[in-house]
Amino acid sequence: QKVSGIAGIRLKICRGEVLVVDGDAENESVCRTLTKIVPMTEKEGPCSQLAMKKAPNQEVIPPTVIVAFESTLKPRSMKTNNGSPESVDETDDEEDEPEPSQHKNLLPSPKEEKMMSRYLEVYGDEKECRVVDTDPFVLSKGMSRSLWPRNEKELKLGLRVDAKDKRGNWFQGSVVDIVEAASKEGKGKGKGESKREVVVHFDNFAKKWDETYTIDHFDEGKVQPLYSHATPRMKPADFYVHHRHTNPETDELAMFGQPFAAQCYSEWSGARAGAQILAQASRFLQYNSDWSSPIDLDDPTSMERENKANRLYEKIQTAISDLIDVLVDYDREYTRLALGLSTHSDQKSQPFRNPFFDATNICTVFSKKVNALLTKLPFEIVVTSMETAQGKKINVDPDEEAFPLSLVRTIGNFLNARQVIVLHWKEHPSDRQAAPILKDPVLYVPLPLEVDEAGVEILKKSQKAGKERAKRARPGSSGIDLGVCLTEFCKSQNLTLDDNWYCPRCKSFREGRQNMNLWRLPDVLTFHIKRFNMSARWREKISTRVNFPLTGLDLSDWCHKESPVIQQDSADSHVYDLIGVVNHYGSMTGGHYVATCKATACGKDGREEVAFDFNGHGATLLETEGIDTSPTGWRLGRAKAEQTNQGKEFAAMASRAAAESSEPLWLQFDDEIVDQLPPRHVVSEMAYVLFYRRRRITPSNIAKYSTLE
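Keep in mind it's a predicted model, so treat the numbers as computed, not measured.

Caption draft 1: Geometry of the packing of helix H1 (residues 110-122) against helix H2 (residues 137-146). Two elements in contact, H1 and H2, have axes whose closest approach is 9 Å; the angle formed by their N-to-C orientations is 120°. The pairing of H1 with H2 is recorded here as oblique in orientation. Here H1 runs over H2; the crossing is left-handed. Residue-level inspection shows Met115, Met116, Tyr119 and Leu120 of H1 in contact with H2, the latter providing Val138, Leu139 and Gly142.

Caption draft 2: Molecular detail of the nonpolar core. Core analysis: the largest hydrophobic core is formed by 95 residues, its most contacted members being Leu278, Leu327, Phe379, Phe403 and Trp425. Aside from chain neighbours lying at most four places away, what touches Leu327 is Ala271, Gly274, Ala275, Leu278, Phe366, Val370 and Leu405. Of all hydrophobic cores here, the second largest spans 24 residues; its members include Phe527, Cys559, Trp666 and Ala687.

Caption draft 3: Spatial organisation of helix H10 (residues 482-489). Looking only at H10, the buried set comprises Leu482, Val484 and Leu486. Summarising the contacts, the buried residues of H10 are in contact with strand S15 (480-481), strand S20 (524-528), strand S23 (546-547), strand S24 (553-554) and strand S29 (687-694).

Caption draft 4: Representation of unusual backbone geometry in the model. You will see that Asn204, though not glycine, has its phi angle at about 65°, which is positive. Among the secondary structure elements, Asn204 is positioned in the loop between strand S6 (194-202) and strand S7 (211-214). The phi dihedral of Tyr227 is positive, around 60°, even though this residue is not glycine. Note on placement: Tyr227 falls in the loop between strand S8 (223-225) and strand S9 (237-246).

Caption draft 5: Region of the structure containing the pattern of salt bridges. Inspection of every chain in the model, using the stated rule, returns 18 salt bridges. Between Arg76 and Asp125 there is a salt bridge; the shortest N-O distance is 2.9 Å. Note that Arg76 is positioned in the loop between strand S3 (65-70) and H1 and Asp125 in the loop between H1 and H2, a separation of 49 residues in sequence. Of the two residues, Arg76 and Asp125, neither departs from the other in class, the shared state being buried. For Arg695, the salt bridge goes to Asp577, with nearest N and O atoms at 2.9 Å. Highlighted residues: Arg695 in the loop between S29 and helix H13 (699-705) and Asp577 in strand S25 (residues 575-586), separated in sequence by 118 residues. Residue Arg695 is classed as partly exposed on the basis of its relative accessible area of 26%. Since its relative accessible area comes to 7%, Asp577 is described here as buried. Linked through salt bridges whose partners overlap, the residues forming this network are Arg76, Asp125, Glu128, Asp133 and Arg272.

Caption draft 6: The arrangement of the packing of aromatic side chains in detail. Scanning all chains against the criterion turns up 16 aromatic pairs. Here the aromatic rings of Phe256 and Tyr444 are separated by 5.1 Å at their centres, their planes lie at 80°, and the arrangement is edge-to-face. Here Phe256 is found in strand S10 (residues 253-264), whereas its partner Tyr444 is found in the loop between strand S14 (419-425) and helix H9 (453-472), with 188 residues between them in sequence. Neither Phe256 nor Tyr444 differs from the other in exposure class; each is buried. With 5.1 Å between their ring centres and 65° between their planes, Phe379 and Trp425 make a pair best called edge-to-face. One end of the pair, Phe379, is in strand S11 (residues 379-385); the other, Trp425, is in strand S14, and 46 residues separate them in sequence. Of the residues examined, Phe379 reaches a relative accessible area of 2% and is grouped as buried. The ring of Trp268 has Arg272 sitting right over it, with the charged end atom 3.9 Å from the ring centre.

Caption draft 7: A look at the environment of Lys541. By the secondary structure assignment, Lys541 is in strand S22 (residues 539-541). Accessibility expressed as a relative area gives 18% for Lys541, which makes it buried. Beyond its immediate stretch of four places on either side in the chain, Lys541 contacts Arg531, Phe532, His584, Tyr585, Gly586, Ser587, Met588 and Met686. A polar contact is formed between the side chain of Lys541 and the backbone oxygen of His584, at a distance of 2.9 Å. In terms of polar contacts, Lys541 uses its side chain to reach the backbone carbonyl oxygen of Gly586, at 3.3 Å.

The rules we used
Residues numbered from 1 in each chain as written. Predicted model: local features only at pLDDT ≥ 70, side-chain atom pairs only at ≥ 80, totals over all residues. Heavy atoms only, no water. Axes fitted to C-alpha atoms, helices over the stretch in contact; angles between N-to-C directions. Helix = DSSP H or I, 4+ residues; strand = E, 2+ residues; numbered from the N terminus. Parallel < 35°, antiparallel > 145°, perpendicular 65-115°, else oblique. Left-handed = near helix turned anticlockwise from the far one by under 90°. Contact = heavy atoms within 4.5 Å. Core = buried A, V, L, I, M, F, W, Y, C linked by side-chain atoms within 4.5 Å. Buried < 20%, exposed > 50% of the residue type's maximum accessible area, 1.4 Å probe, protein only. Salt bridge = Lys/Arg side-chain N within 4 Å of Asp/Glu carboxyl O. Phe/Tyr/Trp six-rings, centres within 6.5 Å; stacked < 30°, edge-to-face > 60°. Lys NZ or Arg CZ within 6 Å of the ring centre and 35° of its normal. Polar contact = N/O pair within 3.5 Å; in protein donor to acceptor, adjacent residues only side chain to side chain.

Right under this line is the structure:
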């Protein structure tokens with residue numbers, strides 16, 4: 001907020017990671033790198049505490065790239081004469097007329113008519129999409145009622161409705177298709193006649209949930225005007241726009257550049273939303289001579305090439321401006337026609353009631369103008385799946401389609417949460433004469449970046465803290481020690497008045513200091529490592545390696561100096577040995593649990609010797625020559641016969657070696673598969689829950705768990 005001068009409420013904060021996606025490209029190429037962004041939440045803490053995962057060969061965690069997007073919406077203020085905001089829910093002084101038995105009163109009340117007239121005065125004017133943005137919520141409700149059909153001949157594409165699904169739930173949607181179906185009537189008058197059906201696509205749902213309705217459902221009240229029952233979504237739609245091109249050498253699709261965030265009102269048409277996206281995309285076409293070849297001021301040819309490049313970008317900017325004008329103007333005209341208010345319409349209609357409106361003519365003229373201008377742009381706007389846009393090099397999504405610059409389809413109905421918008425940049429510029437001065441295969445121009453001095457100081461402090469953490473880590477190992485985690489857990493914290501503490505003596509909230517220490521220790525100690533980070537909009541699995549000892553974990557450093565554990569003479573009262581680990585393989589969306597357990601020595605009766613003690617001395621290694629001792633990982637299903645036989649042979653050898661060795665045997669339990677695991681593989685970044693047992697078990701527990709015979 002301080003750096004940009006923009007209010008924090010209008011900023012969307014993301015974490016960025018710069019990836020090299022084209023190793024063969026020149027260092028200066030804009031197609032070489034891709035900035036991968038992940039939305040952040042307010043619960044993730046200050047930016048100075050954020051860090052990416054550390055690579056194995058790095059001593060210090062690199063600084064985190066923070067990307068902030070300003071909201072692209074500047075809502076238009078709709079004030080009444082007295083200066084108060086316009087209210088959609090205000091009721092008129094006069095009582096509403098009683099509703100008909102089958103259809104609601106589709107004509108607006110005097111107050112609603114006045115409100116829609118006020119919105120129509122400004123919607124689509126010269127300030128629209130350039131200075132301010134108008135929420136068409138009021139107009140969308142009015143258009144749904146104005147176009148509401150009385151018979152099946154008046155059913156039309158793009159009609160916004162509230163429809164009841166098969167489970168009896170109401171959802172808002174749009175008519176996306178009209179089909180001719182055979183009449184269900186049998187013999188007689190209705191034989192051979194066709195009946196029109198409409199396909200309704202629900203907002204923010206996939207196509208597989210589309211449902212079909214007839215005019216009978218309209219008459220029965222199962223399909224009603226927009227927002228008669230469904231709850232309106234007042235929050236604007238928020239999505240990201242990515243950049244993509246075709247690598248001329250490999251002929252593969254590749255993402256590149258800096259994605260950007262865009263916001264649209266859900267009831268905007270595809271045309272109006274397209275104008276919003278084009279206005280933001282034009283920022284990546286601000287030509288700068290720094291991104292061209294060096295210019296020799298004494299060479300007329302060099303200056304001429306520079307002028308041609310400038311004219312090329314100016315021509316593209318003009319085409320984008322003209323296209324935005326067409327999109328906004330025709331969207332305004334379509335809205336007025338649908339409400340029966342346009343003076344250019346040849347159809348007879350009354351204000352705010354136009355059920356026989358035919359959009360064929362205006363859509364035909366609109367499409368011709370839009371297609372003529374789209375050919376002048378250096379990119380194509382497409383909609384694809386989120387999974388396709390997340391990779392460095394991608395394949396074409398079979399469901400990919402062009403962005404709907406449509407007058408009859410709303411953006412909130414077309415896009416769902418699993419789709420993203422991609423600007424596919426064309427390979428060659430339209431003006432070949434200017435191409436020699438351009439050193440990139442596309443006309444994409446990176447946004448200028450400025451370094452914040454205050455941010456540099458924060459990064460220096462973060463790197464210094466990272467070096468101190470690296471010194472505390474165990475030499476020769478990556479990750480963080482379990483002791484460091486315990487120290488952070490027991491660290492003293494100052495409680496300010498914002499996070500105050502209620503003093504029982506003063507009977508008031510005071511500042512204080514809080515710290516945690518261990519007082520008593522159990523015989524079996526469990527450590528639950530935080531592996532999953534979840535918030536309202538962000539989920540991730542934490543894969544940081546935690547190094548924990550297999551034997552000799554001494555907890556005296558984290559016990560209170562007056563605790564009973566410290567007062568005891570026996571040192572084994574606060575020393576623990578590892579007996580088991582629960583590992584999680586996978587991610588937030590799915591995974592598998594595998595257990596690792598220590599098989600301690602057993603008596604002749606087959607019972608485990610609880611008092612087994614191992615201090616690490618005199619350990620011998622298993623003879624594993626010719627046998628793969630690497631972890632088998634995890635797999636679902638039964639092993640093949642030859643794998644089972646090899647496992648039995650290895651298990652027998654491991655059992656004999658364990659009987660002759662003083663080192664306990666570690667076993668890995670993966671469903672019905674049990675494998676021997678070398679001790680060096682027990683500690684891994686998959687460890688989720690740790691189980692430690694105290695060397696000196698409490699006598700009462702020994703008696704409790706013993707069996708009398």
